[in-house]
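Examination of the molecular architecture
Below, each chain spelled out in residue letters.
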Amino acid sequence: MEKIQMVDLLSQYKTVQEEMNAAILDVIQSTRFIKGPVVHKFENDLAKHLDVKHVISCANGTDALQIALMALGLEPGDEVIVPAFTYAATAEVIGLLRLHPVMVDVDFDSFNTTAALVEGAITSKTKAIVPVHLYGQSSDMEDLMALARRKNLYVVEDNAQAIDSTYTFKNGTQIKTGTIGDIGCTSFFPSKNLGCYGDGGAMFTNNYEFARKLQMISNHGQEKKYHHSMIGVNSRLDALQAAVLNIKLKYLNQYSTSRQNIAERYDEAFKNIEQLLIPNRSQHSSHVFHQYTLRITDGRRDELKEYLQNHGIPSMIYYPIPLYNQKAFQDYHDGTLLPNTEKLCKMVLSLPIHTEMKEETLEFIVSKVQTFFNS
Ligand SMILES: *Cc1c(COP(=O)(O)O)cnc(C)c1O
């Protein structure tokens, strides 16, 4: 059997090899490497796909978060609420901008933070919330948006793991994640659900003023060429990456379906194993399974990981340490331990999931997990 990987980008490339090579060659021959028509086409097509007014591309998902926060015009010391159970980038940019990250717990079943958890952390200094749609499923945005409007807070969605996920409001309205808050951010890191062949990222908004600011900040604060009206950064998606993304965007629905099919098989195989909790399916969100993440409830998570490794099956712990226990964030830690975050860091294990997984690979992984718990 082939070597099992968490994601298999080479096999995915091979399914689109010819059109991918042609698109990349076209960019090289056009010599329009930065901005230009290929980047604009991608921004427009993604805006259409997500049904959002403005897509502003940038160099990576971390920059997207940073630029989004810069566009809000916050003051040093202003508080921004983030879940403690996420990738460091979400909180890192807050600290970088001399804002104050306030970390809140997440729901044990959805892995996402909730309006109730956020509300308890709001102070007179709170200015924004950054919900993270972890592993591919939306946070409960209806409640979070209602809270944010009531408390006059901005909402910046970290949608790096959930692109193309759909949130359903109580009145039946369906909206793509990342386009619900004031600004949404995503990453096109190669292993993300819509990934390029290097670094890339984007911001989404329906607000013209924010769109104008995001554009300006990501391009040296320039209103027009050589007229700098504010301090900005240099953060651009290059045309080679946009060419890759233009092709992959066409297959995004199909990619999501492949992941969902694998998740269903995993669910089916694991739902009756007493020591495991399969991923919860939210009633208000579709799941695009950036990760398929089990909770191992008998304390043998690390043992399972090692057992799988010994059988050639990789698995990953996203994330092993609560953000507030990271040295980089020690200044923001008041000593409070958040119970669900603490538990999840010890329980979670993500299994291989990607768009090109073969039946026999899937069945092999399933059987090894089952054997571990049944023997
Ligand atoms: C990947 C990721 C980011 C950062 O994206 P980069 O493109 O790697 O900078 C931010 N937040 C979350 C939740 C992510 O998964």
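Residues numbered from 1 in each chain as written. Predicted model: local features only at pLDDT ≥ 70, side-chain atom pairs only at ≥ 80, totals over all residues. Heavy atoms only, no water.

1. Re the domain arrangement of the chain
The domains assigned to the chain are domain 1 (9–249) and domain 2 (252–374). The straight-line distance from the C-alpha centre of domain 1 to that of domain 2 is 24 Å. Taken together, the contacts link 46 residues of domain 1 with 37 residues of domain 2. Across the interface of domain 1 and domain 2, roughly 3700 Å² is buried in total on both sides, 60% from carbon and sulfur atoms. Taken as a group, Phe108, Tyr135 and Asn193 account for 21% of the area that domain 1 buries against domain 2, more than any other trio of residues on that side. (Domains from an automatic or database assignment. Contact = heavy atoms within 4.5 Å. Buried area = accessible area lost by both parts, 1.4 Å probe.)

2. Structural notes on helix α12 (residues 339–347)
Taken residue by residue, α12 has Asn340, Thr341, Glu342, Leu344, Cys345 and Met347 as its buried positions. In this structure, the buried residues of α12 make contact with β13 (292–296), α11 (301–310) and β14 (348–351). (Buried < 20%, exposed > 50% of the residue type's maximum accessible area, 1.4 Å probe, protein only. Helix = DSSP H or I, 4+ residues; strand = E, 2+ residues; numbered from the N terminus.)

3. A few points about the packing of helix α10 (residues 252–270) against helix α13 (residues 359–374)
Helices that pack against each other are described as a pair by the angle of their axes relative to one another and the distance between those axes. Following both chains from N to C, one finds α10 and α13 inclined at 25°, their axes separated by 10 Å at the closest point. With respect to their mutual orientation, α10 and α13 come out roughly parallel. Crossing of α10 against α13: the hand is right-handed. Along the contact surface, α10 presents Ile262, Arg265, Tyr266, Ala269 and Phe270, while α13 presents Leu362, Glu363, Ile365, Val366, Val369 and Gln370. Taken together, the residues of the contact of α10 with α13 sort by class into eight nonpolar, one polar and two charged. (Axes fitted to C-alpha atoms, helices over the stretch in contact; angles between N-to-C directions. Parallel < 35°, antiparallel > 145°, perpendicular 65-115°, else oblique. Left-handed = near helix turned anticlockwise from the far one by under 90°. Nonpolar A, V, L, I, M, F, W, Y, C, P; charged D, E, K, R; others polar.)

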